[in-house]
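Single-letter residue listing:
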Amino acid sequence: MQKVHSASLDLLKFILSILIVTIHFRPDNYGLYFGYLPSELSRCAVPAFFIISGYFMTTDSEKSNQWILKISQLYLLWSAIYFCYFYFVKNSPLDAYYVLSSIVNGWAHLWYFPALIFSYVIARSLHNKKSIFLLIIAFSLLAINVYIQYTKTQFVTVNGYRNFIFVGLPFVLTGVLIKRHYNMLPRIGYLALSMLALTALSIIEYNFNFTHGIEYDVPFISIPLSIAIVAMFAKIKIKGNILISFLGSASVAIYLIHPMIIDTIKTQEVSNAYDINLLL
């Protein structure tokens with residue numbers, strides 16, 4: 001199995017965290033090219049995070065259990081922080097208790113953590129299965145996800161398809177497969193070209209969606225785009241240093257705290273200043 005180039009993926013995690021902020025801080029009055037399109041193009045970020053987690057998955061039970069415990073503690077801590085934020089700072093007990101009532105699935109952006117924990121546990125139990133078996137599972141679950149989103153959204157809530165079954169597990173398994181077959185990945189140049197081609201297709205897809213007033217949590221083209229991005233960065237060899245390691249760690253902090261900052265800024269009614277959005 002190929003050695004993991006963690007420095008390049010640490011850098012990617014930081015970039016992905018910025019893309020996630022772009023999703024959640026979309027200014028509605030900027031139209032297609034400055035509001036909707038950048039936000040939608042960034043939707044490959046969450047799937048890519050799941051893929052990276054699968055890529056780094058370890059078969060060492062002790063290390064794996066420690067990682068799951070760490071993620072669980074982080075999730076519970078930040079659920080408590082957001083409860084306190086709404087209850088004491090925003091003076092909104094209704095929102096605070098909604099955070100608690102959503103503890104199984106995860107409130108707002110925190111849904112990522114229970115989805116990651118559950119999918120990681122399942123993927124670890126499947127880690128020694130043949131690649132074709134993992135591929136069939138991942139493809140089938142993603143196909144169901146796309147089917148539900150594109151045909152049944154009027155009957156199914158967002159938690160019905162944005163969860164560990166239809167998002168977390170298939171993408172974590174994809175990360176496992178990328179690492180397992182690292183030597184079979186195309187060259188960086190081919191991956192970069194495929195990423196550019198998929199980005200162009202994404203723009204066409206989002207243009208169509210914008211015209212017809214529709215929006216999806218996991219758009220169709222974002223699936224192969226997220227895979228291409230992680231595969232390309234996995235192939236890039238970057239010498240690790242303190243800065244890159246810090247950026248990788250900072251990505252988690254950015255993901256956790258950015259909704260609170262966005263809410264504070266929008267409360268102050270400065271969210272329509274484009275230069276402030278860009279800076280943030």
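Thresholds, definitions, all that
Residues numbered from 1 in each chain as written. Predicted model: local features only at pLDDT ≥ 70, side-chain atom pairs only at ≥ 80, totals over all residues. Heavy atoms only, no water. 1 Å grid on protein atoms, 1.4 Å probe; cavity = no way out; pocket = protein on both sides within 12 Å on 5 of 7 lines; lining within 4 Å. Points joined across faces, edges and corners; volume = space filled by probe spheres on them. Helix = DSSP H or I, 4+ residues; strand = E, 2+ residues; numbered from the N terminus. Nonpolar A, V, L, I, M, F, W, Y, C, P; charged D, E, K, R; others polar. Phe/Tyr/Trp six-rings, centres within 6.5 Å; stacked < 30°, edge-to-face > 60°. Buried < 20%, exposed > 50% of the residue type's maximum accessible area, 1.4 Å probe, protein only. Lys NZ or Arg CZ within 6 Å of the ring centre and 35° of its normal. Lys, Arg positive; Asp, Glu negative; His and termini not counted. Salt bridge = Lys/Arg side-chain N within 4 Å of Asp/Glu carboxyl O. Contact = heavy atoms within 4.5 Å. pLDDT = per-residue confidence, 0-100.

Gaps left between atoms show up when a probe the size of a water molecule is rolled over them. One number sums up the size of the largest pocket: a volume of about 690 Å³. Residue lining of the largest pocket: 23 residues in total, with K13, S53, W67, I71 and V252 positioned closest to the centre. If you list the elements that add at least two residues to the lining of the largest pocket, you get α1 (6-24), α3 (45-55), α4 (61-89), α6 (112-125) and α11 (242-267). With six residues, α11 is the single largest residue contributor to the lining of the largest pocket. Residues of the lining of the largest pocket, tallied by class, amount to 12 nonpolar, seven polar and four charged. Taken as a whole, the second largest pocket holds about 510 Å³ of empty space. Around the second largest pocket sit 22 residues that line it, and I23, H24, R43, R162 and D217 are the ones nearest its centre. For the lining of the second largest pocket, the elements supplying multiple residues, two or more each, are α1, α3 and α11.

Any aromatic ring pair is given by two values, namely how distant the centres are and how the planes are angled relative to each other. Counted according to the given criterion, the structure contains 19 aromatic pairs. An angle of 45° between the planes, with centres 4.6 Å apart, marks the rings of F50 and Y112 as tilted. Taken together, the positions of F50 in helix α3 and Y112 in helix α6 put the pair 62 residues apart, joining distant regions of the chain. The same class applies to F50 and to Y112, which are both buried. Measuring from centroid to centroid gives 5.3 Å for Y85 and F86, while their planes differ by 70°, and the two rings are edge-to-face. Among the residues examined, F86 registers a relative accessible area of 9% and is labelled buried. For the cation-ring pair, K235 lies above Y182, with the distance from its terminal atom to the ring centre recorded as 5.2 Å.

What follows covers the side chain of E205. With respect to the helices and strands, E205 occurs in helix α9 (residues 188-211). In this structure, E205 is buried with no salt-bridge partner, the nearest side chain bearing the opposite charge being R43 at 9.8 Å. Sequence-distant contacts of E205, defined by excluding residues within four places in its chain, comprise Y150, P219, F220 and I221.

Here we come to the confidence of the model for the protein. With 90% of its residues at a pLDDT of 70 or more, the protein shows a mean pLDDT of 90. Across residues 1-5 the pLDDT falls below 50, and counting only partners more than four positions away or on other chains, this stretch makes 12 contacts in the model.

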